[in-house]
Structures are given as C-alpha cells and as structure tokens.
Amino acid sequence: MKKIAPVACALMLPACANLQLGDLHATAEPYEDPVASPAPSSARPAASPLPVVDIPFERTVLPNGLTLVVHEDHKAPIVAVSIWYHVGSKDEKPGKTGFAHLFEHLMFQGSENFKDEFFKPFEKAGATDMNGTTWLDRTNYFENVPTTALDMALWMESDRMGHLLGAIDQKLLDEQRGVVQNEKRQGENQPYGKVMESLLRASFPEGHPYHHTTIGSMEDLNAASLADVKEWFRQYYGAANVTLVLAGDITPAAARDKAQKYFGDIPPGPPVVRRVQWVAPRAEDTRDTLQDRVAQVRVMHSWNVPRAAAADADLLDLVAEILGGSSASRLDARLVHRDRIADRVGAGVQAYELASLFTVDADVKQGTDPAKVEAALQEELQRLIDHGPTAEELERARTTHAAGFIRGIERIGGFSGKAAVLAACQVYEGDPACYRRELATIAAATPRSVQQAARRWLSQGRHTLVVEPYPPYLAGPAGADRKSVPAIPKFPDLSFPALQRAKLKNGMPVVLAERHDVPLVQMQFLFDAGYAADQGRKLGTSSFTMAMLAEGTTSLPSLALKARTEQLGWSWSAGSGLDSSYVGVSLLKARLKESLPLLADVLLHPAFDAGEMERLRGQWLAGIAQEKTDPESLAERVLPPLLYGEGHAYAIPFTGSGTPESIRSLAVDDLRAFQRDWLRPDNATLLVVGDTTLKELLPLLDEQFGAWRASGERSRKNVAPVAPPPAARVYLMDKPDAEQTVILAGLVAPSSRAPNHLEIATMNGVLGGTFTSRINMNLREDKHWSYGAHSGLPGAVGQRPFLINAPVQTDRTAESLKEIAREIADFTAARPPTADEIARIKAKDVRQLPGRFETGAAVMGALAGIVLYERPDDYVQTLKARTEAQTEDAVRRAAKEVVLPQQLTWVIIGDLAKIETGVRALRLGEVRVLDADGRPVR
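Owing to the predicted nature of the structure, the values given are computational and were not obtained by experimental measurement.

**A short note on the overall build of the protein chain**
Then step 1. When its secondary structure is counted, the protein chain shows 32 helices and 24 strands.
Then step 2. Its C-alpha atoms give the protein chain principal-axis dimensions of about 105 × 70 × 65 Å.
Then step 3. Here the protein chain holds 938 residues, and 54% of them are scored as buried.
Then step 4. For the protein chain, the share of sequence-separated contacts (at least 6 apart) that also reach a separation of at least 24 residues comes to 81%.
Then step 5. Distance between charge centres in the protein chain, computed from 105 positive and 118 negative side chains, equals 4 Å.

**Quick notes on the packing of aromatic side chains**
Then step 1. Scanning all chains against the criterion turns up 26 aromatic pairs.
Then step 2. Their ring planes at 35 degrees and their centres at 6.1 Å tell us that Phe-103 and Phe-233 sit as a pair that is tilted. Here Phe-103 is found in helix α2 (residues 99-106), whereas its partner Phe-233 is found in helix α8 (residues 226-236), with 130 residues between them in sequence.
Then step 3. By relative accessible area, Phe-103 is classed as buried at 0%.
Then step 4. Look at Phe-544 and Trp-620: their rings are 5.0 Å apart centre to centre, the planes differ by 55 degrees, and that puts the pair in the tilted class.

**Re the state of the cysteines**
Then step 1. Applying the stated criterion to the full structure yields 1 disulfide.
Then step 2. Between the sulfur atoms of Cys-425 and its disulfide mate Cys-434 the distance is 2.0 Å. Note on the Cys-425 and Cys-434 pair: the S-S dihedral is about -75 degrees, so by sign convention the disulfide is left-handed. Accessibility classification places Cys-425 together with Cys-434 in one group, the buried group.

**Considering the pairing of strand β15 (residues 520-527)**
Then step 1. Across the 8 residues that make up β15, a large majority, 7, are buried.
Then step 2. Pairing between β15 and strand β17 (residues 581-588): 8 bridges, direction antiparallel. Within β17, the position partnered with Val-521 by the bridge is Leu-587.
Then step 3. Bridging between β15 and strand β18 (residues 684-690) involves 7 bridges; their strand directions are antiparallel. Paired with Gln-522 across the strands is Val-689, a residue of β18.

**Some points on a nonpolar patch on the surface**
Then step 1. On the surface, Val-518, Leu-520 and Leu-588 cluster together to form a nonpolar patch covering roughly 200 Å² of accessible area.
Then step 2. Residue position: Val-518 is located in the loop between β14 (509-514) and β15.
Then step 3. We classify Val-518 as partly exposed; its relative accessible area is 40%.

**Overview of the packing of helix α17 (residues 541-548) against helix α23 (residues 668-678)**
Angle between the axes and distance between the axes are the two parameters that describe a pair of packed helices.
Then step 1. The N-to-C vectors of α17 and α23 enclose an angle of 90 degrees; their axes lie 10 Å apart at closest approach. Looking at the two axes, α17 sits roughly perpendicular to α23. Every residue of α23 that contacts α17 at Thr-541, Ser-542, Phe-544, Thr-545, Met-546 and Met-548 is listed here: Asp-670, Leu-671 and Phe-674.

**Topic: the packing of helix α10 (residues 311-324) against helix α13 (residues 391-408)**
Then step 1. Across the interface, α10 lies against α13 with an axial gap of 9 Å and an inter-helix angle of 110 degrees. When the interaxial angle is binned, α10 and α13 end up roughly perpendicular. In this structure, α10 contributes Asp-317, Leu-318, Glu-321 and Ile-322 to the contact, and α13 contributes Glu-393, Leu-394, Ala-397, Arg-398, Thr-400 and His-401.
Then step 2. Within the contact of α10 with α13, the residues separate by chemical class into 4 nonpolar, 2 polar and 4 charged.

**Side note on the pattern of salt bridges**
Then step 1. Tallied over the full model, the rule gives 65 salt bridges.
Then step 2. Notably, a salt bridge pairs Asp-670 with Lys-538, separated by 2.8 Å at the nearest N-O pair. Of this pair, Asp-670 sits in helix α23 while Lys-538 is found in the loop between β15 and α17, placing the two residues 132 residues apart along the sequence.
Then step 3. Using a relative accessible area of 28% as the deciding quantity, one classes Lys-538 as partly exposed.

**Considering the environment of His-101**
Then step 1. Its place among the elements puts His-101 in helix α2.
Then step 2. On a C-alpha basis, the gap between His-101 and Arg-138 in space is 9.9 Å, while along the polypeptide they are 37 residues apart.

**Some points on the confidence of the model for the protein chain**
Then step 1. Summing up the model confidence of the protein chain, the mean pLDDT is 89 and the portion of residues at 70 or higher is 94%.
Then step 2. Of all helices and strands in the protein chain, the one with the weakest mean pLDDT is helix α1 (residues 14-17) (30), whereas β14 scores best (98).
Then step 3. Per-residue pLDDT stays below 50 along residues 3-8; that stretch engages in 31 contacts with residues further than four places along the chain or on separate chains.
Then step 4. Confidence over residues 10-44 falls short of pLDDT 50; this stretch has 91 contacts with residues more than four positions distant or in other chains.

**Observations regarding unusual backbone geometry**
Then step 1. The residue Arg-340 is not glycine, and still its phi comes out positive at about 55 degrees.
Then step 2. Structurally, the position occupied by Arg-340 is in the loop between α11 (330-338) and β10 (342-351).
Then step 3. Its identity is not glycine, yet His-784 carries a phi of approximately 60 degrees, on the positive side.
Then step 4. Note that His-784 resides in the loop between α26 (774-782) and β21 (790-792).

**A word on the sheet that holds strand β23 (residues 905-910)**
Then step 1. The strand order across the open sheet formed by 6 strands is β21-β22-β20-β23-β19-β24, and the pairing between neighbours is mixed. Two strands bound the open sheet, and with one partner strand each, they are β21 and β24 (926-930). Direction aside, the axes of adjacent strands within the sheet are offset by 20 degrees on average.
Then step 2. With 5 bridges connecting them, strand β20 (residues 740-749) and β23 associate as antiparallel partners. Opposite Ala-745, over in β23, you have Trp-906 as the bridge partner.

**Examining the nonpolar core**
Then step 1. Counting 53 residues, the largest nonpolar core has Leu-66, Tyr-85, Phe-103, Tyr-237, Leu-244, Leu-246 and Phe-263 as the members making the most contacts within it.
Then step 2. Residues within four places of Leu-246 in sequence aside, it is in contact with Leu-68, Val-69, Val-70, His-71, Val-79, Ala-80, Val-81, Leu-150, Leu-154 and Ala-255.
Then step 3. Grouped together as the second largest cluster of nonpolar side chains are 51 residues, Ala-533, Val-585, Leu-599 and Leu-698 included.

**Quick look at the environment of Val-467**
Then step 1. Checked against the element boundaries, Val-467 lands in strand β12 (residues 463-469).
Then step 2. Residues Val-467 and Arg-617, 150 residues apart in the sequence, show an inter-C-alpha distance of 53 Å.

**Remarks on α8**
Then step 1. Looking at α8, one finds that the buried residues are Leu-226, Asp-228, Val-229, Trp-232, Phe-233 and Tyr-236. Buried residues of α8 fall within an arc of 160 degrees about the axis and therefore sit on the same side.

**Thoughts on the side chain of Asn-241**
Then step 1. Structurally, Asn-241 is set in the loop between α8 and β7 (242-248).
Then step 2. A residue is classified by how much of its surface remains accessible, and Asn-241, at 7% relative accessible area, is buried.
Then step 3. A polar contact of 3.0 Å, which involves the side chain of Asn-241, links it to the backbone oxygen of Tyr-236.
Then step 4. What Asn-241 contacts, discounting residues up to four positions off in sequence, is Trp-84, Tyr-85, His-86, Val-87, Tyr-236, Pro-268, Val-272 and Arg-274.

**What to know about the side chain of Arg-330**
Then step 1. Tracing the sequence through the fold places Arg-330 in helix α11.
Then step 2. Exposure remark for Arg-330: the relative accessible area of 0% places this residue in the buried category.
Then step 3. Looking at Arg-330, its side chain comes within polar contact range of the main-chain oxygen of Gly-388, at 3.3 Å.
Then step 4. Within the structure, Arg-330 has its side chain in polar contact with the side chain of Glu-393 (distance 2.7 Å).

**Quick word on the sheet that holds β12**
Then step 1. Pairing within the open sheet is mixed, and its 5 strands lie in the order β8-β12-β9-β11-β10. With partners counted over all chains shown, the strands left at the sheet margins are β8 (286-292) and β10, one partner each. Taken over all neighbouring pairs, the strand axes of this sheet differ in orientation by 15 degrees on average, direction set aside.
Then step 2. Direction of pairing for strand β9 (residues 298-305) relative to strand β11 (residues 356-364): antiparallel, over a ladder of 8 bridges. Bridge assignment links His-301 to a residue of β11, and that residue is Val-360.
Then step 3. Strand contacts of helix α12 (residues 370-387): β8, β9, β11 and β12, with the helix running at about 35 degrees to β9, the strand carrying the most contacts.

What counts and how
- Residues numbered from 1 in each chain as written.
- Predicted model: local features only at pLDDT ≥ 70, side-chain atom pairs only at ≥ 80, totals over all residues.
- Heavy atoms only, no water.
- Helix = DSSP H or I, 4+ residues; strand = E, 2+ residues; numbered from the N terminus.
- Buried < 20%, exposed > 50% of the residue type's maximum accessible area, 1.4 Å probe, protein only.
- Contact = heavy atoms within 4.5 Å.
- Lys, Arg positive; Asp, Glu negative; His and termini not counted.
- Charge placed at Lys NZ, Arg CZ, Asp CG, Glu CD.
- Phe/Tyr/Trp six-rings, centres within 6.5 Å; stacked < 30°, edge-to-face > 60°.
- Disulfide = S-S within 2.5 Å.
- Pairing = 2+ DSSP bridges.
- Patch = residues over 30% accessible without salt bridge, like charges linked within 9 Å, V, L, I, M, F, W, Y side chains within 5 Å.
- Areas by Shrake-Rupley, 256 points an atom, 1.4 Å probe, with all protein chains shown as cover.
- Salt bridge = Lys/Arg side-chain N within 4 Å of Asp/Glu carboxyl O.
- Axes fitted to C-alpha atoms, helices over the stretch in contact; angles between N-to-C directions.
- Parallel < 35°, antiparallel > 145°, perpendicular 65-115°, else oblique.
- Nonpolar A, V, L, I, M, F, W, Y, C, P; charged D, E, K, R; others polar.
- pLDDT = per-residue confidence, 0-100.
- Core = buried A, V, L, I, M, F, W, Y, C linked by side-chain atoms within 4.5 Å.
- Arc of directions from axis to C-beta.
- Polar contact = N/O pair within 3.5 Å; in protein donor to acceptor, adjacent residues only side chain to side chain.

Here's what the structure looks like:
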C-alpha cells in the first residue's frame, strides 16, 4: 500500500512521535544506468512469482449507517478494534485549523458514562497497539485487546461515540488545547519540522482543503470554543460517518451481534458533503527557501499528483521506489555513492483522498553546492522520464512493494495491519478490498506504463523547497533602556492642500486640491441625491441607476466602454451613499485630456440598455437575497425604518439595494427620471484632487461640461427631524441554526452638521468606537463572547443613526445583551466618560491626522465631507486645534444628548429557539418578532 501516515497522535508512541517527512520515503542502493548496456537478462536467474495474498472479510452496514468490516483470524486470542471516522483536517473551516486533531485528543478524556482517562481500562486489560491519529482525510482510534476484553473495548468506543458531549467541559478543552499546542511546538522544534507546513501551503492553492497542516495554527487553536467542540462532534461523529473494523479472534456473526448491541442505538448524524478529488495540478514551477535550525541543507522537489484511489498513484509509487525509495535506487547510486554530494536521498508518494504529493529530496553533503545536488536530482528524474526503468528495476520495485505489504499485514491491527488496510480502503474508496486493485495495478505495470505515468505527472509543475541552516546570528549588547516605553517628544504636523474653488460656464462648482507627488488626477461628480432620493420612488433606484452608468453609453456598449476605460488606465466607479450619489474616476495625468470626453459621455449619455438592465437586475436580486441571509446586512435593512418611521427619507434599508419587489418593477423610464431629476449640474459639485491646476483644468472641463444644463425644478428630500420612541423596543428575527446572534441597537443622533459633531465622535470613541472602547473590551477581551463589538455614527445630512453592533456566541446572547445595556446605562449616569478616556480618544484622533490623508482618495473623502456637511474649506487644517479644544464637560453633554438608554431600538437576529426566552426575560422593552422583510410574524 502507498504510505498514508498519521501526522498527529493522541499518545506519543515511537511510531507517531518520530514521524518526519523523510519517514514516508524508503532509503537507497546502487542501480544500473538504463542508458548503458545492462547485462543480458539471460545472465540473471528468473525471479520466482510473487505470492498472492488476500485479507478475507465480510462487510455489513448497520441500520444506523455504521459500516462494519470483519476479518476472522484465530492465530492468537486477540482482536484488533479499528474505528475510522471519515473526517480530517481537510474538513476544517477557515479560522478553525487544527480542530480535527484537537477533537481527537478530547476523545481520550472520558465519556458521559466513564468519567476518567480512556486508557485506564485498556491498560488493565493488557491492550496493545493502542492510539488515535488524525490526518488530512480521516481520524482513527485503534487498539488490540484480548478476546475476552472485546466487550469492554466496544463499550468504551461506543460510549465516546454516542455519549461524549456531557463529559466535555471548558477545563478539559483548555487542558487538551495546551497539550496539542505543546505537540505542535515539539514537532516544529525537530529538524525540518516546518517542512510540511511550507510544502502544503505552496503545493495547494488558498481555499484547497490541503492548504494547511493537520496540527493547525496556534491562533486557531486558541480560538477553539466549547461550542465549536460540540458542533464538530454533532457534524462528524455520527454512526453513518464511521467504519468499524474487527480483525482477529472473532466470527462475523459474533461481530455483527456485538456491533449492533453497542453501536446500534447511536444516531447516524447529519449528511456530510464530500469532494471526490481536487488534484490542483500546477503548470508552472515554483520555489521557496526555508531557514531552520538544521545541520545541513535539504533540497526537496514535489509535484501534485492523483489521489490515492487512482491507478497512476500506484504507478508513481513504483517510480518513487526506482528513483529514490530503496538502497538500490538511482538517486542513491549517483548522489550518495558515485558523486558523493548527498548524505541521504529519498523519494515517495504521500497519498491522500483528494490528491497526492510526489516528493524527491536529498540532504546536501557539507561543503557541496546545493545547486549541484538540485541539478543531479532533476537529471536523474528526467532520465527516468525519457527512457523509463529497466525490467530489472521494475521487478525489484514490485517485489519491494509486495514484501512491504505482506510484512505489514502480518499484524491484525496497529498502524499498518490488516484492520488498517481494510479500514483505509473502505473510507477512501468505499471498498475494503481496494488493496486488491492496487496490487493488481502493481503486478500489471510495465516499464512503458511506469514511464508514461512519470511523464504525465512529473514533467511540469515542480515545487522546489530548499531548507537552509539558520545562520549563527548573535544578539548584540543591550542598547535601549527597557524600564519604560520611550516618550514621544513631538508629533508631525498635518499636511493638507489648500482648497481652490471655481465655477464652470454652467455654474457648477469645482473644488480643487492640488497634489503633484504622483501623475494622477482624481475627479468626483458629487450629487445631492443618494439613497434618500429614493423617497417617492422605487427603493434602490438611486443605487441601481448609478450602477447602470457603468453598463454603456449611447455610443459605447457595455463591453466596449469597459475596454475603453482600461485602455485609458481608468480606475472608476459610480454609486450612492445615504445622502449623495457620485461618479468618481482616477485618471493618468497623461490621459487627462482624452479621458474627459469619455467621462462626459458616461455622465450625460448613459444607454440604460434594457438587456444590460436585465442582467444587472438578476445580479442585484441575488445580492438582496444574500443580504437577507447575512445577519448584519439584514439588521441594516430592518433597523432604519424602525428608527425613522414611515415617510422619512432615511426609513429605508441602509444597504441601498432596495427590495426584491422594487427592483423587479424598475423600468428604464425610472432610471431616466432619476437621471433627469438628480444627476444635473445645479445639483452637483465637481471635486478634483491631484496633479493639475485650475488654469489647466477649467478650459478642458468647460469644453466637455460647460454646455450641460438642467431643466425643471430640483427635487428635494424629507430629512426632517424625528422624535425618539417613548420607550425602548426589542425586535427579534429568527435565523435557525445561526452560528452567532447579531445584536444591533439604534438611536437617532444629531446630524453630521451639528456644531458638536466632534464631541459626539469623542464620546463614541469611549463607548464603542475604538478597539479599547468599553463595549469591545467587555465583550471581547474580558468575556470572550464576541470577536468584536462596537458603536458608530454613519455620516448623514439629517439626523444620523447611532448604532451599536455586537455579533455574539449564541449561548451568551442574554448575558451579552445585559452587559451592553449596562454599559449604555452607566455611560450617562454611574460611569460617564472619564478624563483619561476623553484624553486618550482626543490624542488618538490628533495623532492620526498626519497619516489619514496620505492618498488622493483620502483627500477626496475629506473634500466630499466638506461639501456635503457644509464645512469650512480649512476644516481639515483646523481639525487638530478644534479636537484639542474639546472640554470634558462638552463630551459628557454629548453623551447625554445622544445615548438615551430608555429609547433604544434593539434588533436581535439569531436562533430564536435558543435565545428568545432569555431575551424576553431581560425585559429591555416590548418584544416583537419580525420576518426577513421587517414585517411582524406573530
């Protein structure tokens, strides 16, 4: 069988503790050069036929889906118990690497009906070959027990399979997390211990199940929660995902009876989606260098090759054997014996369920140029690809393979015995007898078929990894005083260009901020429109209209427009925010003059093509559907109408996407009406940032836009003040089986134009606007119930929303709500913003100023804020002084003005079956349940 080895084990036994990448390879011996003239075959004695070996078995599937495979062997009064769960590190989600192996450790910590170390009864019974391992594709547990102890073994295995959840608590999780992390440290502390991580990351693309190692990352292991543990158990440890092999002193009938007795009542578990294969073949050669604390350089080549079940994987196993897998291999003969440039060579196939890796490596002799070894490795491989193996080489490889298989199945259990062979075949190929196919492929191999397999898979896509000894660097004497953090004597001043204003012939204002550091000019037509302009129209009209500007003009169809913008080097977009719509473009200075006619064409002559509109409509509706499945987007859709009330321009989904009904009903005439009413020169300001001057720019702009005129009266939006609700309200939305609960609380706050908007921003920084804010430090850093909790005030011309957002773990929903409500209540009463907190936020805001406006896009954002919120032209230049001038009393007054605990509107989205009772018990306000469109459901 190909080498399918464990990477991590529950118990540090020699077969597990010493496993390195090189252990997957055999070692080497001399060979005859196939290009030379070998001795006639008649001069060699004919090889005796290889013995035919088999592992008789009976397979049964229990009613709950568990697969039982039985092999009867009465040579000794023992039975091998081997249980394979079809789950490994490839099944881990992003951010949860290492979890399959961590869970394997937890399986040895007792069960609901045996609250002690799992090994104890087995030690008393004299069990041997006992362990558990995790690999990319599977997790297995195995032991050999005396025949008389079989009932005990099956009771123990079935109890942890069916009755584990009640026995796992936080203490055990933390304990085994530490054990696994020390296992990771121990592995990485070995010479070449980081090779596998580097190899997998380079061989398989981001998103591939094999991109990360089974041991996982420290960060992900730290993040593993008790809820994660239980979810993993429920998802993958059902009976239908299990193969149980009993091999040894037992009959099939007795095995079936015992399996049904001990495992028959265990639920099958949910269905598991499986990818069949993903080789991810690579067309280009790649290369990495890794420095490690090793004694000598190791050169390694690897290729992505077919999965374990493929016949080519078996043929490549023969290639590896001939090339570097034995003491008779070509690489050993050349590199170790003849040229003496390497101390060890190897080759092998690491066979996995979805794909495999073919590896060749050599440890470079001290004083030898690694490039010479690398070249020799490639030369020998190419010679095998070009000419194939000799008949004698193939026969030696075939014999070695058969001998290894026979020696392995002398045992009934352990890492490589009969039970392991049958289990691996059942799990990976659905057939306990798959080893017969592999043996048949090996037996039928010819020099030509082996050569063709090598040519198919090893001719391109090589990844080279060179592991170099870490240089003996030495730290110098202490130079810094470590008793305290150095004081910062002063902070740099803000650099922000002065604004220049002008008007085009049609009266449209132009605001320019010159910057000549890079040859770019950024332009933005800013319209007083936005989502709020949907009032009286179909929701989503503003955003949809702006998006359609990118889908062609009357003279350029969609694809032609895209090609032309790329030809000119544009980076551009058109869209809407709450109060404004825009067309923005970043231009190469050298293409400014020829870009402006195209910009005018986009803005003044949109095609609004019906066919493109239908294409975009389909994408748009899919996007709305996605918003309704994402809890945070769903909250943004539902909360604003609750805050502002019917008839207000802001009483709309703040995603700006509209509703399915409104988007389905949109017609071309709706888009043209929006363009006519809102995208007009008397409703626009042109903002410009970059490498130009008014003298240069104005004639060019007038040429393209000076004759643009508006017709009819400008449209207006209703952003009149709204009163807060008389009492707090709670709205629940059901998301069955949600991984988290999303908590959103909202109030209506003063406009971004309010005189004290800076004080409002400072008080928000204290409560929830920064990482070290009260809410985040409470829920994330102290309680560990949330990845992040924060508050914020999106900019708005009218009253803006003050929002508190906290995604929290489901089982801590009520406690999190209670903590958020307490923090809000304390903020204006028992614990108002302190002098230290206010000073910290002010200092942060001032000291961030020099870095905030590094890019033209950042300057453009500042210009848009100045225009939209009617701020003075020197707003940015005077921001430092006005920030520093805030008083503590003014900040506290802002907190009392904005944060009104008794008038909060709460939207809570999660699995109501798990959270509703706890939320209602808090009595935060009247509770109502809404559907995904914000309509009452009961």
